[in-house]
Amino acid sequence: MEKKRNLLGMLAMVLVFGMALVGCDDGSDDDDGGGGGGKDLKYSIQVKNQLTSPSSQQLSVARAVSAEDEVELYILNFEYCEDANNRGLILIANGDRDTGSKHTILNNAGWYSVNANLAVENDVNNGPYSSFQIRISKLRVGGADGTTYDFQGNSGVFFGHPTSIWNGGQSNYPDNFSGITMTDSTVSLKTVLTVDPDIIGEEDSEGYDSQGLATDPYKYIKVAGLVNE
């Protein structure tokens, strides 16, 4: 119980995905061959804690939480949604995504934390991606021996501003992602997920479940895509 209380004050957590993204056609052979100039892009994953506000400072001091707490998310799916076509830039899949013309099934779901270098081979498509969809099953703080929190339900959610092609244009979290654009000059894409410490609270208190995880944990995750050219 004391351990979970301490987790309330952990600093805002950032999952940094230095990702080389390539496009996927979501089961179609239609590919424009654009984006990234045909380069083989690479990506890696880094997780670190980030202090984001005075309130976070106060929480940290009050509860004496270490700024070096290891934070991980168990991600089942993550893919950016191309605005103009039914294609996605697939980053993570649970053996349930075809990566494009190569027709390779991507199966790299798991815990995402520090120094995970992953090989992904997809097609690359130019254009804006104003939304993404993600599916997370667990959050863990403190490594393999730390505390694990289970996300309730197992369906994916949309961040940003999807076009009508995706989810009928409906977003679960429109303010939590501002979009990216892929071009021929793109060499890599870093995706940063910042997790607010309020994602963990007191068990069974208002807005939190019996394990202390927010009943709507996704709303505490902000995402930025940083395109490198």
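The rules behind the values
Residues numbered from 1 in each chain as written. Predicted model: local features only at pLDDT ≥ 70, side-chain atom pairs only at ≥ 80, totals over all residues. Heavy atoms only, no water. Phe/Tyr/Trp six-rings, centres within 6.5 Å; stacked < 30°, edge-to-face > 60°. Helix = DSSP H or I, 4+ residues; strand = E, 2+ residues; numbered from the N terminus. Buried < 20%, exposed > 50% of the residue type's maximum accessible area, 1.4 Å probe, protein only. Lys NZ or Arg CZ within 6 Å of the ring centre and 35° of its normal. Core = buried A, V, L, I, M, F, W, Y, C linked by side-chain atoms within 4.5 Å. Contact = heavy atoms within 4.5 Å. Salt bridge = Lys/Arg side-chain N within 4 Å of Asp/Glu carboxyl O. Polar contact = N/O pair within 3.5 Å; in protein donor to acceptor, adjacent residues only side chain to side chain.

**Some remarks on the packing of aromatic side chains**
Per the counting criterion, the structure on display carries 11 aromatic pairs. Centroid distance phenylalanine 78 to phenylalanine 132: 4.6 Å. Interplanar angle 10 degrees. Geometry classified as stacked. Separated by 54 residues along the polypeptide, phenylalanine 78 in strand β4 (residues 71-81) and phenylalanine 132 in strand β11 (residues 131-141) bring together distant segments of the chain. Residue phenylalanine 78 is classed as buried on the basis of its relative accessible area of 1%. Considering the side-chain rings of phenylalanine 159 and tyrosine 218, the 6.4 Å spacing of their centres and the 75 degrees angle between planes classify their relative orientation as edge-to-face. Residue phenylalanine 159 is located in strand β13 (residues 157-160), and its partner tyrosine 218 is located in the loop between β15 (188-195) and β16 (221-228); the two are separated by 59 residues in the primary sequence. Taken together through their ring pairs, the aromatic side chains of Phe78, Tyr80, Phe132, Phe151, Phe159, Tyr173, Phe177 and Tyr218 make up a single cluster. In this structure, lysine 138 packs its charged tip against the face of tyrosine 74, placed 4.7 Å from the ring centre.

**A short note on the nonpolar core**
The nonpolar side chains of soluble globular proteins are, as a tendency, buried together. With 34 residues, the main nonpolar core has Phe78, Tyr80, Ile134, Leu139, Phe159 and Tyr218 as its most contacted residues. Listing elements by their share of this core, those giving two or more residues are β4, β5 (88-92), β11, β13, β14 (180-182), β15 and β16. In terms of residue count, the dominant contributor to this core is β11 (five residues). Leave out the neighbours within four places in its chain, and leucine 139 touches Glu72, Leu73, Trp111, Thr147, Thr148, Tyr149, Phe151, Val195, Ile199 and Ile200.

**Focus on the pattern of salt bridges**
Scanning the model with the defined rule gives five salt bridges in all. The residue glutamate 79 makes a salt bridge to arginine 97 at a minimum N-O spacing of 2.5 Å. Here arginine 97 lies in strand β6 (residues 94-98) and glutamate 79 lies in strand β4, a separation of 18 residues in the sequence. With relative accessibility at 2%, the residue glutamate 79 sits in the buried group. Residue arginine 135 is joined to aspartate 96 by a salt bridge in which the shortest nitrogen-to-oxygen separation is 3.4 Å. Of the two residues, arginine 135 is situated in strand β11 and aspartate 96 in strand β6; the sequence distance between them amounts to 39 residues.

**As for unusual backbone geometry**
With phi around 55 degrees, asparagine 167 is a residue other than glycine that occupies positive phi space. Mapped onto the elements, asparagine 167 comes out in the loop between β13 and β14. The residue aspartate 204 is not glycine, and still its phi comes out positive at about 65 degrees. For aspartate 204, the position within the fold is in the loop between β15 and β16.

**Considering the side chain of threonine 186**
Here threonine 186 lies in the loop between β14 and β15. At 3.0 Å, the side chain of threonine 186 and the backbone nitrogen of threonine 183 are in polar contact.

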